[in-house]
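Chain by chain, the residues:
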Amino acid sequence: MKARVLSGVAAAALALLAGAAQAATVQITLLARDGQPLADAVVLVEPVNGTKPPAPAPVQATITQQKMRFDPALTLVPVGSRVRFTNLDDWEHHVRGLPAGLAGLSAGPGAGFELRLGGKADGQPPESAEVTLGQAGPLQLGCHIHGSMRGFLFVTDSPWAVRTDAAGVATLQGVPEGAARLRVWHTDQLVEAAPTALNVTPLTALSVPTQVQPRRRRP
Ligand SMILES: [Cu+2]
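Keep in mind the model is a prediction, meaning the values are calculated, not measured.

J.: Help me understand unusual backbone geometry in this model?
T.: Glycine aside, negative phi is the norm for most residues, and most peptide bonds take the trans geometry. Cis geometry marks the peptide bond from D71 to P72; its omega dihedral reads 0°. Turning to its location among the elements, P72 is positioned in the loop between strand 4 (69–71) and strand 5 (74–78). Positive phi outside glycine occurs at D40, with the angle close to 55°. Mapped onto the secondary structure, D40 falls in the loop between strand 1 (23–31) and strand 2 (42–47). The class of D40 is partly exposed, set by a relative accessible area of 35%. With a phi close to 65°, M68 is a non-glycine residue in the positive phi region.

What follows is the structure, given as structure tokens:
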């Protein structure tokens, strides 16, 4: 009886070890066309075997409109997240969110969202409104009144979608080992490049050159 219990414990320990070995940390450094680190890109890793990733938990995010800009210019959130828009300028802004890139051209009339926020009056709290993002994909933000205003929301249903930092680095946790596809999304990339084949091992760290050359944001 005792031996049987022990073997059960051993089997559980082996299963734990096997489980630990299957999930890897992947560190990707993206490079722009000029070889400089590519910040504010979204790195997506998709296992080729079709492993359904665990759904990431929704979050609450805030995007402000201030000095004619959306801040932050890019927000990455899990699907189902709520995003609050707050207008800190003294004047009115519209906010429209439409599927970004080519998807926006074929988007139906009900796609995305639209709202309107009055300017902030002295001594009053700023106007704000909230939207829930129920569909995965990138959205472009704009304002009907001020055509120069541009922002982006990237809504993901995968935990293996991470934004690159100022050094161009994205670290993805818990990625299954084995063959995978690496995709890169960036606001200044008109058409997404073909995915890069990737073999995920316990120690995966690589630099990935891209053809993306980010436009400078106006000051
Ligand atoms: Cu505006």
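Let us keep going from here.
J.: Would you take a moment to explain the environment of I63 for this structure?
T.: Looking at the secondary structure, you find I63 in strand 3 (residues 60–66). With relative accessibility at 0%, the residue I63 sits in the buried group. Measuring from C-alpha to C-alpha, the distance between I63 and E130 comes to 9.9 Å, with 67 residues separating the pair along the chain. For I63, the contacting residues outside a window of four places in its chain are F70, D71, P72, T75, V83, R84, F85, T86, L141 and L153.

J.: Explanation requested: the pairing of strand 3 in the structure shown.
T.: The side chains of a regular strand alternate, residue by residue, between the two faces of the sheet. Of the pairings in the sheet, the one linking strand 3 to strand 6 (residues 82–87) comprises six bridges and is parallel in character. Each residue of the ladder has a partner; that of T64, found in strand 6, is T86. In terms of strand pairing, strand 3 meets strand 4 through three bridges, oriented antiparallel. Within strand 4, the position partnered with Q66 by the bridge is R69. Counting the residues between successive antiparallel strands, the hairpin from strand 3 to strand 4 contains two residues, one of them, K67, with a positive phi of roughly 50°.

J.: When you look at a nonpolar patch on the surface in this model, what are you seeing that I'm missing?
T.: Together, L102, L105, L190 and V191 line one region of the surface with nonpolar side chains, adding up to about 510 Å² of accessible area. Within the fold, L105 resides in helix 2 (residues 102–105). Residue L105 is classed as exposed on the basis of its relative accessible area, which comes to 73%.

J.: Even after reading the chapter, I still don't get the sheet that holds strand 13 (residues 169–176), so can you show me in this structure?
T.: A sheet is described by the order of its strands in space; here three strands give the open sequence 13-1-16, paired in mixed fashion. Two strands close off the open sheet at either side, each with one partner strand: strand 13 and strand 16 (203–209). Sheet twist, expressed as the mean angle between neighbouring strand axes with direction ignored, is 25°. The sheet contact formed by strand 1 and strand 13 spans six bridges and is antiparallel. Across the sheet, V26 pairs through a bridge with L172, a residue of strand 13.

Reading the values: rules and limits
Residues numbered from 1 in each chain as written. Predicted model: local features only at pLDDT ≥ 70, side-chain atom pairs only at ≥ 80, totals over all residues. Heavy atoms only, no water. Helix = DSSP H or I, 4+ residues; strand = E, 2+ residues; numbered from the N terminus. Buried < 20%, exposed > 50% of the residue type's maximum accessible area, 1.4 Å probe, protein only. Contact = heavy atoms within 4.5 Å. Pairing = 2+ DSSP bridges. Patch = residues over 30% accessible without salt bridge, like charges linked within 9 Å, V, L, I, M, F, W, Y side chains within 5 Å. Areas by Shrake-Rupley, 256 points an atom, 1.4 Å probe, with all protein chains shown as cover. Salt bridge = Lys/Arg side-chain N within 4 Å of Asp/Glu carboxyl O. Axes fitted to C-alpha atoms, helices over the stretch in contact; angles between N-to-C directions.

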